[in-house]
Amino acid sequence: LITVKHKSPLYFKINSELFTLTYGALVTQLCKDYENDEEVNKQLDKMGYNIGVRLIEDFLARSSVGRCQDFRETADVIAKVAFKTYLGVTPSVTNWSPAGDEFSLILESNPLVDFVELPDNHNALIYSNLLCGVLRGALEMVQMAVDVKFVQDTLRGDNVTEIRMKFIKRIEENLPAGDE
């Protein structure tokens, strides 16, 4: 199930079905551990954030992407490079706000939800909320504060999965005293 890509350093590619099933087991365990879907959603976001904070270094090293000049370029890099690299899908970037500070990522298929049906007693669960945390955490590490949330989800009967991203502000780097 594990294959080696021939790059230096060696990267491992996990079979997508194994990844999907492992993620499903994680969400199932969180549903058992927490009393309500809102708490599970918070935990998924928190876990995703922690992954994003670490994943950005790998992404920047693998992709050789430089600093984006604006939020539109950031959106394109997320869709065309990051999602393709880590999930094997390329969402479309649409529904830009007039101010250019908000957009939607539309996924025709979400690999995290293969083999998944939400039980009726979990109608508030945002199953793929980990992705929102990953995006938020990764962008924070490159000095960009964003709000990320699911607007549509195929698990809820929508035709597509839509992730809405809103630029909040540039984060100024705070250097420790004496390091200026």
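Residues numbered from 1 in each chain as written. Predicted model: local features only at pLDDT ≥ 70, side-chain atom pairs only at ≥ 80, totals over all residues. Heavy atoms only, no water.

Q: Requested: an account of the environment of Ala124, with residues and values cited.
A: Residue placement: Ala124 occurs in the loop between β4 (102–107) and α4 (130–141). The spacing of Ala124 and Asn41 is 83 residues in sequence and 8.6 Å in space, taken between C-alpha atoms. Setting aside its immediate chain neighbours within four residues, Ala124 contacts Asp37, Glu38, Asn41 and Arg156. (Helix = DSSP H or I, 4+ residues; strand = E, 2+ residues; numbered from the N terminus. Contact = heavy atoms within 4.5 Å.)

Q: Help me get a handle on the environment of Gly48, residues and values and all.
A: Looking at where Gly48 falls in the secondary structure, it is placed in helix α2 (residues 37–63). In this structure Gly48 comes out as buried when scored by relative accessible area, which is 0%. In the structure, Gly48 is positioned 90 residues away from Ala138 in sequence and 9.4 Å away in space, judged by C-alpha atoms. (Buried < 20%, exposed > 50% of the residue type's maximum accessible area, 1.4 Å probe, protein only.)

Q: Lay out the sheet that holds strand β3 (residues 92–94) in plain terms, naming residues and giving numbers.
A: Overall, antiparallel pairing links the four strands, which are arranged β3-β4-β6-β5 in an open sheet. Both edges of this open sheet fall to β3 and β5 (144–152), since each of them pairs with a single strand only. Here the average twist between neighbouring strands, direction ignored, is 25°. Summarising the sheet, β5 and strand β6 (residues 161–170) pair through eight bridges and their orientation is antiparallel. Within β6, the residue paired with Val148 across the bridge is Met165. Strand contacts of helix α3 (residues 71–87): β3, β4, β5 and β6, with the helix running at about 15° to β4, the strand carrying the most contacts. Sheet strands in contact with α4 are β4, β5 and β6, and its direction is about 165° off that of β5. (Pairing = 2+ DSSP bridges. Axes fitted to C-alpha atoms, helices over the stretch in contact; angles between N-to-C directions.)

Q: So what about the pattern of salt bridges? Which residues, and what values?
A: Within this structure, the stated rule accounts for six salt bridges. Asp58 is paired through a salt bridge with Arg62; the nearest N and O atoms lie 3.3 Å apart. On the criterion of helical spacing, the pair formed by Asp58 and Arg62 is a turn pair, its members being four residues apart in helix α2. The class for Arg62 is partly exposed, based on a relative accessible area of 29%. The partner of Glu102 in a salt bridge is Lys166, and the shortest N-O contact between them spans 4.0 Å. (Salt bridge = Lys/Arg side-chain N within 4 Å of Asp/Glu carboxyl O.)

Q: Can you lay out the nonpolar core for me, pointing to particular residues and giving the numbers?
A: Within the largest apolar cluster, 34 residues are counted, with the highest numbers of intra-cluster contacts made by Phe83, Leu105, Tyr127, Leu135, Ile163 and Met165. Mapped onto this core, the elements with two or more residues apiece are α1 (16–33), α2, α3, β4, α4, β5 and β6. If we skip the residues at most four places from it in the chain, Leu105 touches Ile78, Ala79, Phe83, Pro91, Ser92, Val93, Leu135, Thr161, Glu162, Ile163 and Met165. (Core = buried A, V, L, I, M, F, W, Y, C linked by side-chain atoms within 4.5 Å.)

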